[in-house]
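Chain by chain, the residues run as shown.
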Amino acid sequence: MDEPLILVEREGRVGIVRLNRPRVLNALNTSLMKELADVLEEMDRDENIGCIILTGQGKAFAAGADISEMADAAPFQFVGNAYFADWQRVRRVEKPLIAAVAGYALGGGNELAMCCDIIIAAETARFGQPEILLGVIPGAGGTQRLTRSVGKGKAMEMILTGDPITAEEALDWGLINRVVPPEQLEPEALSLAQKIAEKPPLAVKMAKQAILRAQEMSLEQGLHFEQLAFGMLFSTEDQREGMNAFIEKRKAQFKGK
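What counts as what
- Residues numbered from 1 in each chain as written.
- Predicted model: local features only at pLDDT ≥ 70, side-chain atom pairs only at ≥ 80, totals over all residues.
- Heavy atoms only, no water.
- Buried < 20%, exposed > 50% of the residue type's maximum accessible area, 1.4 Å probe, protein only.
- Helix = DSSP H or I, 4+ residues; strand = E, 2+ residues; numbered from the N terminus.
- Pairing = 2+ DSSP bridges.
- Axes fitted to C-alpha atoms, helices over the stretch in contact; angles between N-to-C directions.
- Core = buried A, V, L, I, M, F, W, Y, C linked by side-chain atoms within 4.5 Å.
- Parallel < 35°, antiparallel > 145°, perpendicular 65-115°, else oblique.
- Left-handed = near helix turned anticlockwise from the far one by under 90°.
- Contact = heavy atoms within 4.5 Å.
- Nonpolar A, V, L, I, M, F, W, Y, C, P; charged D, E, K, R; others polar.

(A) Region of the structure containing the pairing of strand S3 (residues 51-56). S3 sits mainly inside the fold: 6 of its 6 residues count as buried. Side chains Cys51, Ile53 and Thr55 of S3 all project onto a buried face; the interleaved residues Ile52, Leu54 and Gly56 project onto the opposite face, where all are buried too. Bridge count between strand S2 (residues 14-19) and S3: 6 bridges; the pairing is parallel. By the bridge assignment, valine 14 is partnered in S3 with cysteine 51.

Okay, here's the thing in structure tokens:
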């Protein structure tokens, strides 16, 4: 029997999702992406999960797309959103996603990490967009998200040369949040995820959406969205609980309502 493409665990209110094609460095084929999107959407609906960690099984996060699956593809397969539909499903997950990256995050692997909200990397991690070496360009958001993260000049350098960068360089360039020794990668990601999962779920969801819109909207549009989201949260039980707990000098008990 074939091994599952995705492994799932749970630590309290944190869901842990592992890409499980270690023999091909977790290369991202269509079957894996569909299963990943299915699992993430299921966790997104689960009220008992407040944050999700995405990581890779074995020596890599994901070394890229499965080139053997793409090599003979016809142009029409990439026109429109059909091929990338599962990538869009991952990006639409409303709960915070933390990428825990060890080893290679190249091509589609780097693009998948950038679909997450926070990236924590082991010192062994390498990030890159080497598609130019295959005669193509990034197709799952690399030219867009990378430029928004590191700026035009550094994105040009990474994409036009295809050269990977180290975890320390990725941190310095603003691509990732922090670098840790390999043995501390999952504990660090879990600690951060647990801290986020303790927070009021509706406020976390709205904060994520507001931050994402800061990359897509004008300042005026973003401020309008922020104000609407801020006001809407005053209709929640968690807002009343949070503010009453602050006044009463006790720990708030959030319920996601």
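Picking up where we left off.
(B) A look at the sheet that holds S2. Within the open sheet, the 6 strands sit side by side as S1-S2-S3-S4-S6-S9. Their pairing is mixed. The open sheet has two free edges, formed respectively by strand S1 (6-11) and strand S9 (178-180), since each of these has just one partner strand. Ignoring strand direction, the axes of neighbouring strands in this sheet form an average angle of 20°. Note: S1 against S2, 6 bridges, orientation antiparallel.

(C) Local environment of the nonpolar core. In terms of nonpolar packing, the biggest core is built from 47 residues, with Leu36, Leu112 and Phe127 touching the most fellow members. Here this core takes 7 residues from helix H1 (residues 30-45), the largest share from any one element. Grouped together as the second largest cluster of nonpolar side chains are 18 residues, Ile120, Val180, Ile196 and Val204 included.

(D) Here's a closer look at the packing of helix H5 (residues 142-150) against helix H6 (residues 152-161). Where H5 contacts H6, the axes come no closer than 7 Å and their chain directions differ by 135°. With respect to their mutual orientation, H5 and H6 come out oblique. Once H5 is placed against H6, the crossing between them reads as right-handed. Contacts between H5 and H6 involve Gly142, Thr143, Leu146, Thr147 and Val150 from the first element and Lys152, Lys154, Ala155, Met158 and Ile159 from the second. In terms of residue class, the contact of H5 with H6 is built from 5 nonpolar, 3 polar and 2 charged.

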